[in-house]
Amino acid sequence: MKIIFAGTPDFAAVALKHLIDAGHEIALVLSQPDRPSGRGMKLTPSPVKKLALEHGIPVITPVTLSLKKAPEESARIHADLKAVGADLLVVAAYGLILPQAVLDCAKGIGLVATNGGKISDYEGVDQAHEALPPLVAVNTTAGTASEITRFCIITDTTRKVKMCIVDWRVTPAIAINDPELMVGMPASLTAATGMDALTHAVEAYVSTAANPLTDAAAIKAIDKIVHYLPQAVANGDYMKARSEMAYAQYLAGVAFNNASLGYVHAMAHQLGGFYNLPHGVCNAILLPYVQEFNLIGNLERFAVIAETMDINVKGMSPFEAGEACVYALKTFGKYLGIPQNLRSLGVKPEDFEIMAEHAMQDACAATNPRKATKEQIIAIVQKAYDGD
């Protein structure tokens, strides 16, 4: 079996060595650019590249595995991947700003490698026609669930949008979630990725495509996140919290992979495309304002979410329980240290209209429980911009 290996963190070199020692044929390695080190800023190869060269494995470098560079990278290495004819793509992913970037870039590269054309050709739902090489995804954050989903988010820098590619063909064949690999995440990244997972679960639960199976996964994910994310943020070495968050983000991924998402993600994709902002932070800020708008679309479900967040809803009307849910979602992010408004992130009001137009065209908008006009989308973004 021919394997293409892509990895960014140092631990990826350990994974690559295991594959080599096991006798697998590594046909090609995608490595980060050589990086400066020391006062003289001498360029040194990444551990992955160094190991590959020591074993005579061809290396493509520099490869910047990121959402912004995915279109250029996939086009550039398309010929190399086809020439290799690999049977398997192994990706060890890590990212401080956009943790899903490496996995989603690998998905995009796989799409172009087997289907040809440009990544933008596959924007939307099930636009590919050929299967990707089987993908083994090693996840290192507790939030995005890209390692198990059919979602691939790639930044189109020309249009300033995050393209939403939804295709069952990009779902990894094997997903590896090891909480030991998540211990190194700083508190801010732990909080942001955890809020991304919470958004996945909430949006999937109130989605118009929700079903009993996705409901079970979403509610269990919310329960775990509410109880263990604060502990993981407070003490990143606490393995019980890391392990529970690994399960929680996986369950949230199961939920939204089948029930899809809503306006929070549709709007957050635009903020990421325009300003390259951390996805989880954008989700966390938008989440309460979008759900406040959504209340009348699925009121009873917000009462269930509130109860899952340990809010005593006895004696409350459905509207009161829903409003309590919205308040809980906002304060939860606040206590985790998430910024409380879009203004603090440098978002510009003059971009609201074009971002709203793009958000309405995003694939995630289709399953939001309440339909919005462009003006209503702008109003939601304005609320998130101002904060309370």
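Attention in this report is confined to the structure presented alongside it. Note on numbering: residues in each chain are counted from 1, in written sequence order. In keeping with the predicted nature of the model, local features appear solely for residues at pLDDT of at least 70, side-chain atom pairs appear and are counted solely at 80 or more, and the whole-chain, interface and lining totals rest on all residues. As a convention, hydrogens and water are excluded, and side-chain values are obtained from all of the structure's heavy atoms.

Re the overall build of the chain
Item 1. Secondary structure elements are taken from DSSP: a helix is a run of H or I of four residues or more, a strand is a run of E of two residues or more, and numbering for both begins at the N terminus. Within the chain, the secondary structure is distributed over 13 helices and 11 strands.
Item 2. Burial analysis of the chain (388 residues in total) assigns 58% to the buried set.
Item 3. Methods summary: accessible areas were calculated by the Shrake-Rupley approach with a probe of 1.4 Å, and residue burial reflects only the protein chains presented. When the accessible surface of the chain is summed, it comes to about 15,500 Å², and 56% of that surface belongs to carbon and sulfur atoms. Only protein chains enter the area calculation, which uses a 1.4 Å probe; residues under 20% of their type maximum are buried, those over 50% are exposed, and those in between are partly exposed.

Concerning the packing of helix H5 (residues 187-206) against helix H8 (residues 263-275)
Item 1. To define axes, lines are fitted to C-alpha atoms, for helices over the stretch in contact only, and angles between the resulting N-to-C directions are given on a 0 to 180 degree scale. Remark: H5 packs on H8, axes separated minimally by 9 Å, with the N-to-C direction vectors making an angle of 140°. Judged by the angle between their axes, H5 and H8 are oblique. Taken together, the residues of H8 that come into contact with H5 (itself represented by Asp 196, Thr 199, His 200 and Glu 203) are Tyr 263, Val 264 and His 265.
Item 2. Residues are grouped as follows: Ala, Val, Leu, Ile, Met, Phe, Trp, Tyr, Cys and Pro are nonpolar; Asp, Glu, Lys and Arg are charged; every other residue, Gly included, is polar. Residue classes in the contact of H5 with H8 are distributed as 2 nonpolar, 3 polar and 2 charged. Here is the rule for angles: anything less than 35 degrees is roughly parallel, anything more than 145 is roughly antiparallel, 65 through 115 is roughly perpendicular, and the remaining ranges are oblique. A contact between two residues is defined here by any heavy atoms of the two lying within 4.5 Å.

Considering the nonpolar core
Item 1. Here the nonpolar core consists of buried residues drawn from Ala, Val, Leu, Ile, Met, Phe, Trp, Tyr and Cys, with membership extended through side-chain atoms lying within 4.5 Å. If you look at the biggest cluster of nonpolar residues, it comprises 88 residues, and the most contacted ones within it are Leu 198, Met 267, Leu 271, Leu 286, Ile 305, Leu 342 and Val 347.
Item 2. Counting residues per element, this core draws most heavily on H5, at 11 residues.
Item 3. Setting aside residues up to four positions removed in sequence, Met 267 forms contacts with Leu 286, Val 290, Ala 359, Ile 377, Ile 380 and Val 381.
Item 4. In terms of nonpolar packing, the next biggest core, distinct from the first, is built from 11 residues, Ala 128, Met 163, Ile 165 and Val 170 among them.

Quick notes on the pattern of salt bridges
Item 1. A side-chain nitrogen of Lys or Arg and a carboxyl oxygen of Asp or Glu constitute a salt bridge if their distance falls within 4 Å. Applying the stated criterion across every chain, the model contains 10 salt bridges.
Item 2. Residue Arg 159 is joined to Glu 123 by a salt bridge in which the shortest nitrogen-to-oxygen separation is 2.7 Å. Taken together, the residues span a long stretch of sequence, with Arg 159 in the loop between strand S9 (151-156) and strand S10 (161-166) and Glu 123 in the loop between helix H4 (101-115) and strand S7 (124-125) at a distance of 36 residues.
Item 3. Note on Arg 159: relative accessible area 39%, which makes it partly exposed.
Item 4. On the basis of relative accessible area, Glu 123 is assigned to the partly exposed category, the value being 32%.
Item 5. Residues joined by salt bridges that share partners form a network here, namely Lys 224, Lys 240 and Glu 244.

Observations regarding empty space enclosed by the protein
Item 1. In this analysis the probe radius is 1.4 Å and the grid spacing 1 Å, with only protein atoms considered; a cavity is a set of points the probe fits into but cannot get out of, a pocket is an open set with protein on both sides within 12 Å along at least five of seven lines, and lining residues have an atom within 4 Å of a point. Grid points are joined across faces, edges and corners, and a volume is the space filled by probe spheres set on the points. Per the counting criterion, the structure on display carries 4 cavities of 30 Å³ or more.
Item 2. Looking at the largest cavity, its volume works out to about 160 Å³.
Item 3. Thr 144, Ile 153, His 200, Phe 256 and His 279 are, among the 16 residues lining the largest cavity, the residues nearest its centre.
Item 4. Along the lines of polarity and charge, the residues of the lining of the largest cavity split into 5 nonpolar, 8 polar and 3 charged.

Focus: the packing of aromatic side chains
Item 1. Pairs were defined over the aromatic rings of Phe, Tyr and Trp, the Trp ring being its six-membered one, requiring ring centres within 6.5 Å. Orientation was assigned from the angle between planes: stacked under 30 degrees, edge-to-face over 60, tilted for the rest. With the rule as written, the count across this model stands at 3 aromatic pairs.
Item 2. With 6.0 Å between their ring centres and 50° between their planes, Phe 274 and Tyr 275 make a pair best called tilted.
Item 3. Note on Phe 274: relative accessible area 17%, which makes it buried.
Item 4. Note on Phe 352 and Tyr 385: the rings are 5.6 Å apart at their centroids and 75° apart in plane angle, and the pair reads as edge-to-face. Taken together, the residues span a long stretch of sequence, with Phe 352 in helix H12 (residues 352-361) and Tyr 385 in helix H13 (residues 374-386) at a distance of 33 residues.
Item 5. Accessibility expressed as a relative area gives 14% for Tyr 385, which makes it buried.

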